[in-house]
Amino acid sequence: MTEICVQQNYNTMQHLSEQEIIRRESLQKLRELGIEPYPAAEFTVTATSTEILEQFTAGSRAFQNVRLAGRIMTRRIMGKASFCELQDSFGRIQLYINRDEICPEEDKTLYNEVFKKLLDIGDFIGVEGYAFVTQTNEISIHVAKLTVLSKSIRPLPIVKEKDGVLYDAFSDPEQRYRQRYVDLVVNPQVKNTFLKRTKIINTMRSFFNEKGYVEVETPILQAIPGGASARPFITHHNALNIPLYLRIANELYLKRLIVGGFDGVYEFAKDFRNEGMDRTHNPEFTVMEIYVAYKDYHWMMDFTEEMIERVALALHGTTQVQVGSKTIDFKRPFKRITMYDAIKEHTGYDISALNEDELRSVCDKLEIHHEPSMGKGKLIDEIFGEKCESSYIQPTFIIDYPVEMSPLCKKHRNNPELTERFELMVNGKELCNAYSELNDPIDQYERFKDQLALSEKGDDEAMFIDHDFVRALEYGMPPTSGMGIGVDRLCMFMTNAESIQDVLFFPQMKPEKKAEKDSIDVYTTAGIPAEWAEILQAMGHVRYEHLKEIKYTKLHQELCGYKKKNKLELAAPSQDDVKAWLGQ
């Protein structure tokens, strides 16, 4: 035998582990028995594990004819009767399977061969039966019929628990994020996080709908990436022969709808920014933006407080939420402080009247890195980010930003050097950003030109001039307040997640590294016969340097077991042979 492999329909060769080989053999044996391991027919489910565990009691006549489906997660084979654990979408429940119950006729193949030998942990089955309580007082299902629904040909990680301690947990973050499908199966708390995420979004949506605001959809592919200062992803439209951008924000389209006559619109949107990745940033992320006519940023602060408080109560029944080692209280009202006052409080510098050169001098004194391309707004943002942001643990509105930092925001009614803008800080991070929206088309155009000047200085996050948006404002937009909130970050706070990857089903990852494999020559040079070198690689020992780290007695035992299991017509190597191969 030269190599154990399987031909996939996408034309790649995959080396198989011993367990994978056995499962594929079981798959074939099922078909030889006339059992289709991937049937097409519907299997009707009439109850869930949770319903039965919560509602059934000993002596009850409920759940006496039920159908459940799910994965086999544990098995205890005991002669004519066995137990296994079935995991459905809601939880786990024990099954009692008796040979003579599921095989009432003389043919006992379904139990003796299929259940005991050909089914594995991870396989999907459907069962019919009735609920009862075992002698150990465990609610279980007495199975009368069993149907194979899907054969698993790759073993799941087996997570063991004893006295509340987990062993062999599937806990490596990179594996969990890459193989979220496995993570969800073996780590039930992960699914709970995403159910909470759904509840957060539904609570927000209900809140907006109760107010009479309209949920809308706006373009993801945009000719001009507007609404935020960020580096966009660029693509190309072949039919139109034009560059397009994945949106960095949906703000400008939503405000066009306010121009068009909607009083209030909102959108849960996927935005994309071609920037760094860390614990709190993913290049693809979910935001909610809402715009309401005839309102200002004072009204929006009250509205935002009410929304977030409602989310906390819906999810936890209290406004106090545990975030790491801290308790965050989302009870209204939240603290409010101007940006200039925040900077003065934490640095001792009053920067309200400083020009760009003077701000650079302050940055130097505070040892804050800055670039020549940075304008006044970026310099102030750097000072706040470095020296102030992390101090705001409890929900705090940072208000009245300098006009240079807010090209889409209305100037402050009492100070034209400021804008009517707030950001909500929670646990040292920005959660929301909101304005009294700029609706003066001439002022807006001048602000866009200022951004263009920054772009010419080398700021690759400066905004483009959106002439169509200016044209929309020229038709008139009523006084409006808008707010955007990072849904992923809100979910992190509300579920006590340490990383944004924990609240995204499939976060962006670096390309998966494939294990490098030595050529057969490397093994034969060390004295290993070519036929055994190929078998060693089929067993997963694809690097000779790693192979040498294994104790020769253990490897000899593995080789003999593999030879026997796969009925290889090769003379088994002696312990001395294996010792020489490894140079031990």
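Being a predicted model, the structure only gives us computed values, none of them experimental.

So, helix α14 (residues 467-474)
Here is step 1 of the chain: When we look at burial in α14, the residues that qualify are F469, V470, A472 and L473. Relative to the axis of α14, the buried residues are bounded by an arc of 155° and lie together on one face. Those residues of α14 that are exposed and angled more than 90 degrees off the buried face are H467 and E474.
Here is step 2 of the chain: On its buried face, α14 sits against α8 (251-259) and α13 (441-456).
Here is step 3 of the chain: With a side-chain oxygen positioned 3.2 Å from the backbone nitrogen of D468, the residue opening α14 is D466.
Here is step 4 of the chain: Once α14 ends, the next one or two residues include G476, with phi positive near 105°.

Quick word on the sheet that holds strand β11 (residues 221-222)
Here is step 1 of the chain: As summarised here, the arrangement of the three strands in space is β11-β13-β12, forming an open sheet in which the pairing is antiparallel. Since the sheet does not close on itself, it has two edges, and those belong to β11 and β12 (234-237), each with one partner.
Here is step 2 of the chain: Summarising the sheet, β12 and strand β13 (residues 242-246) pair through four bridges and their orientation is antiparallel. Bridge pairing in β13 places I234 opposite Y245.

A closer look at the packing of helix α1 (residues 18-32) against helix α4 (residues 109-118)
Here is step 1 of the chain: In contact at an axis separation of 11 Å, α1 and α4 are set at 160° when each is read in the N-to-C sense. On the basis of the axis angle, α1 is roughly antiparallel to α4. Crossing of α1 over α4 shows left-handed handedness. Contacts from S26, K29 and L30 in α1 reach V114, K117 and L118 in α4.
Here is step 2 of the chain: The class makeup of the residues in the contact of α1 with α4 is three nonpolar, one polar and two charged.

Overview of the packing of helix α19 (residues 552-565) against helix α20 (residues 575-582)
Pairs of packed helices are described in terms of their axes, by the angle between the two and the distance that separates them.
Here is step 1 of the chain: One way to put it is that α19 packs onto α20 with a least axis distance of 9 Å and a crossing angle of 120°. Considering the angle they form, α19 stands oblique to α20. Here the hand of the crossing between α19 and α20 comes out right-handed. Side by side, α19 and α20 meet where Y552, T553, L555, H556 and L559 of the first sit next to Q575, V578, K579, W581 and L582 of the second.
Here is step 2 of the chain: Residues of the contact of α19 with α20, tallied by class, amount to six nonpolar, three polar and one charged.

Some remarks on the pairing of strand β19 (residues 396-399)
Here is step 1 of the chain: Covered by surrounding structure in β19 are T396 and I398 together with F397 and I399, the residues of both alternating faces.
Here is step 2 of the chain: When strand β18 (residues 335-338) meets β19, the two strands line up parallel, connected through four bridges. Bridge pairing in β19 links K335 to T396.
Here is step 3 of the chain: Relative to strand β20 (residues 421-426), β19 is paired through four bridges, and the arrangement is antiparallel. Looking at the pairing, I399 lines up with F422 of β20.

Looking at the pattern of salt bridges
Here is step 1 of the chain: Tallied over the entire structure, the rule returns 37 salt bridges.
Here is step 2 of the chain: The partner of E437 in a salt bridge is K255, and the shortest N-O contact between them spans 2.7 Å. One end of the pair, E437, is in the loop between β21 (429-436) and α13; the other, K255, is in helix α8, with 182 residues separating them in the sequence. Accessibility classification places E437 together with K255 in one group, the buried group.
Here is step 3 of the chain: Taking the shortest distance from any N to any O, the salt bridge between R256 and D468 comes out at 2.9 Å. With R256 in helix α8 and D468 in helix α14, this residue pair connects regions lying 212 residues apart in the sequence.
Here is step 4 of the chain: D468 gets classed as partly exposed once you look at its relative accessible area, which sits at 32%.
Here is step 5 of the chain: Salt bridges sharing partners connect three or more residues here, namely R176, R180, D183 and D502.

Observations regarding a nonpolar patch on the surface
Here is step 1 of the chain: Taken together, the side chains of Y181, F505 and F506 define a hydrophobic patch exposed on the protein surface, amounting to about 380 Å² of accessible area.
Here is step 2 of the chain: One can find F506 in the loop between α15 (487-495) and α16 (520-525).

Criteria and thresholds
Residues numbered from 1 in each chain as written. Predicted model: local features only at pLDDT ≥ 70, side-chain atom pairs only at ≥ 80, totals over all residues. Heavy atoms only, no water. Buried < 20%, exposed > 50% of the residue type's maximum accessible area, 1.4 Å probe, protein only. Helix = DSSP H or I, 4+ residues; strand = E, 2+ residues; numbered from the N terminus. Arc of directions from axis to C-beta. Contact = heavy atoms within 4.5 Å. Polar contact = N/O pair within 3.5 Å; in protein donor to acceptor, adjacent residues only side chain to side chain. Pairing = 2+ DSSP bridges. Axes fitted to C-alpha atoms, helices over the stretch in contact; angles between N-to-C directions. Parallel < 35°, antiparallel > 145°, perpendicular 65-115°, else oblique. Left-handed = near helix turned anticlockwise from the far one by under 90°. Nonpolar A, V, L, I, M, F, W, Y, C, P; charged D, E, K, R; others polar. Salt bridge = Lys/Arg side-chain N within 4 Å of Asp/Glu carboxyl O. Patch = residues over 30% accessible without salt bridge, like charges linked within 9 Å, V, L, I, M, F, W, Y side chains within 5 Å. Areas by Shrake-Rupley, 256 points an atom, 1.4 Å probe, with all protein chains shown as cover.

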